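Take a look at the letters that make up each chain.
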Amino acid sequence: MGVRAWLGVVVLALVGCESESDVERTVDASSRSIRAAVHSNLSVSSKLASALRDQPGNLFYSPLSIEAVTGLLFAGAAGDTAAQLGKLLDTEGDPEALHEGLGALLLHLSRQHSQYTLSVANRLWATPELKLSQAFVDTSRDNYRAPIEWVAFKDDPEAARAEINHWVSEQTANKIPELFESGQISASTVMAVVNAIYFKADWATAFDPKLTRSEPFHRAGSSDVTVDMMTTPKTKLRAAFEGNAFWLELPYRAGEVSFLAYTRGSAFGSDSSTASVQELQDDLAEVDLNRVVESLHEEELVAQLPKFSMRSRLNLIPVFEPLGVTDLFDPGSADLSKLSTSTTGFVSPFVHEAAVWVDELGTVAVAATAAGVLRSGPREVRFDRPFLFFIRDNRTGAIVFSGRVADPSAGAAD
C-alpha cells in the first residue's frame, strides 16, 4: 500500500528552481530586508498556529495575508500600539527592513508566473476627511504597493462595504464575495486596510483520477470516515521519515511552490493510533520549516492524499489579543498617530477569510484580510441592562437611597 498522507499540517512552501527565467524572478533571499520579512512571516505563522491551536475541526488561513495587513497597520502605529505590533511581527528592532522586505516579498510572489498563478494585492480605502500622514502614504505606496481609494464611509457605509467586497471578490476570482459582512462597515469607519491573495497551480505529477478510490480516513478519537483518496503514480518525491512521524512534499509545476504535509502514525499502512491536529500542532511548535525542507530526500513513492476543500473565517481580534496586541482594538489606548494627523482611531473589525480546493489536478487557494479603522470618540457607558444605583451624601459618605433597576418599564411612580 502506498504512503497514506493523512493531512495534519499543510503549508505552501517556496522552493528553489533552476531555469534562467525562474532565476530572474527570484529575490535575493540573503538580503537583510528579505530575511527580516521571512523571519517575521515564520514568527507570525508560529504565533498564529499557537493561538488557533484549540479551534476544532478543519482550519485554513494565510499567515502572509494577515502579516501584510498587520504590517500596514504597524506602519501607522506609534507608542505602545507600535511596540505590541512590532513584537508580534518580530521586527528585531528594524521596522524599516520589515516594510522594505515584506513589500519586496509580496511583489516577488505576485509577479507573472508562466506555469501557475499567484497574485497578491493590497489596497486602502479612506474617507476624504482623513488627513493621512505623508510617511504612512509613502510606506504603503512604495513598499506595500497599496493605492488609496477615497470613499464616503459616513454618507453611505453600505456602498463602501459593497465596493471593498467587490474588489476582494475580483482579486480572488469571486471565491471570497463578502469579506466584510453586513454591519462591519459603519459611518464611524475612516479607513479599511485590505489584502487579497489568489493561488492556482497544477501538480508537477498529477494524481490519476482513475486511481481515486473511496477509502477510510482515520479521525483522531473517533470513527473512520470514507473519503475520495487520490493516488499518484509511482514517482520520485521528496520525503522525510523519523520514527513514526513523516513529511511529504508535493511540488507544483515549475517547482517554485510546494504542498508540504506532516503527520505521524504508520506511513505505509494502517495505524491504530491517530494523532489529533492539536497534537500535530504541538509537534511543530519549535520546528523550523526551512530546515525541514532541507532535510527532505528523494525516493520513489506512491503518495495518497484525500481530495478536500474547506473554508475558514476568522475574527482576528480574539486571536491577536492573547498574543499581546491589545491596544490596537481599544478606543482609549490605540495609537495610530503615524497613520493620520487629523484623527485618532482604533481597529474594528479585523477579519480574515480563506478557502482551498485540492483535487487530482492541483490546488486553488484564496485568502483575504481586512482591518477597519474606526474614528475614536468619547467612550460610551451604557446602562442598557439591569443595574444598581445609590444616592449618596458626598460630604459624609452616607447612602441616603439605594436601588436596583431590573426593568425600567415596570412599576413607574405616579
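Described below are features of the structure shown in this document. (Residues numbered from 1 in each chain as written. Predicted model: local features only at pLDDT ≥ 70, side-chain atom pairs only at ≥ 80, totals over all residues. Heavy atoms only, no water.)

### Focus: unusual backbone geometry
Cis geometry is adopted by the peptide bond preceding proline 349, which originates at serine 348 and carries an omega value of 0 degrees. With respect to the element layout, proline 349 can be found in strand 14 (residues 345-358). Positive phi, close to 50 degrees, is recorded for arginine 145, a residue that is not glycine. Checked against the element boundaries, arginine 145 lands in the loop between helix 6 (134-142) and strand 4 (148-150). (Helix = DSSP H or I, 4+ residues; strand = E, 2+ residues; numbered from the N terminus.)

### Structural notes on helix 2 (residues 32-51)
Compared with an ideal rise of 1.5 Å per residue, which puts 20 residues at 28 Å, helix 2 spans 28 Å between its outermost C-alpha atoms and is within 8% of the ideal. Residues of helix 2 that are buried include every one of Ser33, Ile34, Ala36, Ala37, Ser40, Asn41, Ser43, Val44, Ser45, Leu48 and Ala49, and no others. Its buried side turned inward, helix 2 meets helix 3 (63-75), helix 4 (79-89), helix 5 (95-110), helix 8 (277-283) and helix 10 (317-320). (Expected span 1.5 Å × (residues − 1). Buried < 20%, exposed > 50% of the residue type's maximum accessible area, 1.4 Å probe, protein only. Contact = heavy atoms within 4.5 Å.)

### A short note on the nonpolar core
In this structure, Leu73, Met191, Leu250, Phe259, Phe320, Val347 and Phe350 are the most contacted members of the largest nonpolar core, which totals 78 residues. Considering each element in turn, this core owes the most residues, 8 residues, to helix 3. Those residues within four positions of phenylalanine 320 in sequence are excluded, and the remaining contacts are Leu48, Ile66, Thr70, Leu88, Val325, Phe329 and Phe350. Membership of the second largest hydrophobic core comes to 22 residues, among which are Ala121, Leu179, Ile185 and Ala368. (Core = buried A, V, L, I, M, F, W, Y, C linked by side-chain atoms within 4.5 Å.)

### Digging into helix 4
Burial in helix 4 covers these residues: Thr81, Ala82, Gln84, Leu85, Gly86, Leu88 and Leu89. Of the surrounding secondary structure, the elements contacted by the buried residues of helix 4 are helix 2, helix 3, helix 5 and helix 10.

### Structural notes on the pattern of salt bridges
Oppositely charged side chains are able to pair whenever their charged atoms sit close together. For the structure shown, the criterion picks out 17 salt bridges. In this structure, glutamate 249 and arginine 238 form a salt bridge, with 2.8 Å as the shortest nitrogen-oxygen distance. On the criterion of sequence distance, the pair formed by glutamate 249 in strand 9 (residues 245-251) and arginine 238 in strand 8 (residues 235-242) is long-range, its members being 11 residues apart. Its relative accessible area of 5% is what places glutamate 249 among the buried residues. With a relative accessible area of 27%, arginine 238 lands in the partly exposed category. In this structure, the salt-bridge partner of arginine 313 is glutamate 353, at a minimum N-O distance of 3.0 Å. Remark: glutamate 353 occurs in strand 14 and arginine 313 occurs in strand 13 (residues 308-315); sequence separation between them is 40 residues. With a relative accessible area of 30%, arginine 313 lands in the partly exposed category. Within this structure, Glu181, Arg311, Arg313 and Glu353 form a network of salt bridges that share partners. (Salt bridge = Lys/Arg side-chain N within 4 Å of Asp/Glu carboxyl O.)

### Some words on the packing of helix 2 against helix 3
Helix-helix packing: each pair is described by the crossing angle between the helix axes and the interaxial distance. For the pair helix 2 and helix 3, interaxial distance at closest approach is 9 Å and the crossing angle is 110 degrees. Classified by the angle between their axes, helix 2 and helix 3 sit roughly perpendicular to one another. Helix 3 is crossed by helix 2, and the crossing has right-handed handedness. Residues Ala37, Ser40, Asn41, Val44, Ser45 and Leu48 of helix 2 lie in contact with helix 3, whose contacting residues are Pro63, Leu64, Ile66 and Glu67. Of the residues assigned to the contact of helix 2 with helix 3, the class counts are 6 nonpolar, 3 polar and 1 charged. (Axes fitted to C-alpha atoms, helices over the stretch in contact; angles between N-to-C directions. Parallel < 35°, antiparallel > 145°, perpendicular 65-115°, else oblique. Left-handed = near helix turned anticlockwise from the far one by under 90°. Nonpolar A, V, L, I, M, F, W, Y, C, P; charged D, E, K, R; others polar.)

### Quick notes on the side chain of threonine 363
Position of threonine 363 among the secondary structure elements: in strand 15 (residues 362-375). Among the polar contacts made by the side chain of threonine 363, one reaches the side chain of tyrosine 252 at a distance of 2.6 Å. Not counting chain neighbours up to four residues away, the residues in contact with threonine 363 comprise Phe199, Lys200, Ala201, Trp203, Tyr252, Val356, Trp357 and Val358. (Polar contact = N/O pair within 3.5 Å; in protein donor to acceptor, adjacent residues only side chain to side chain.)

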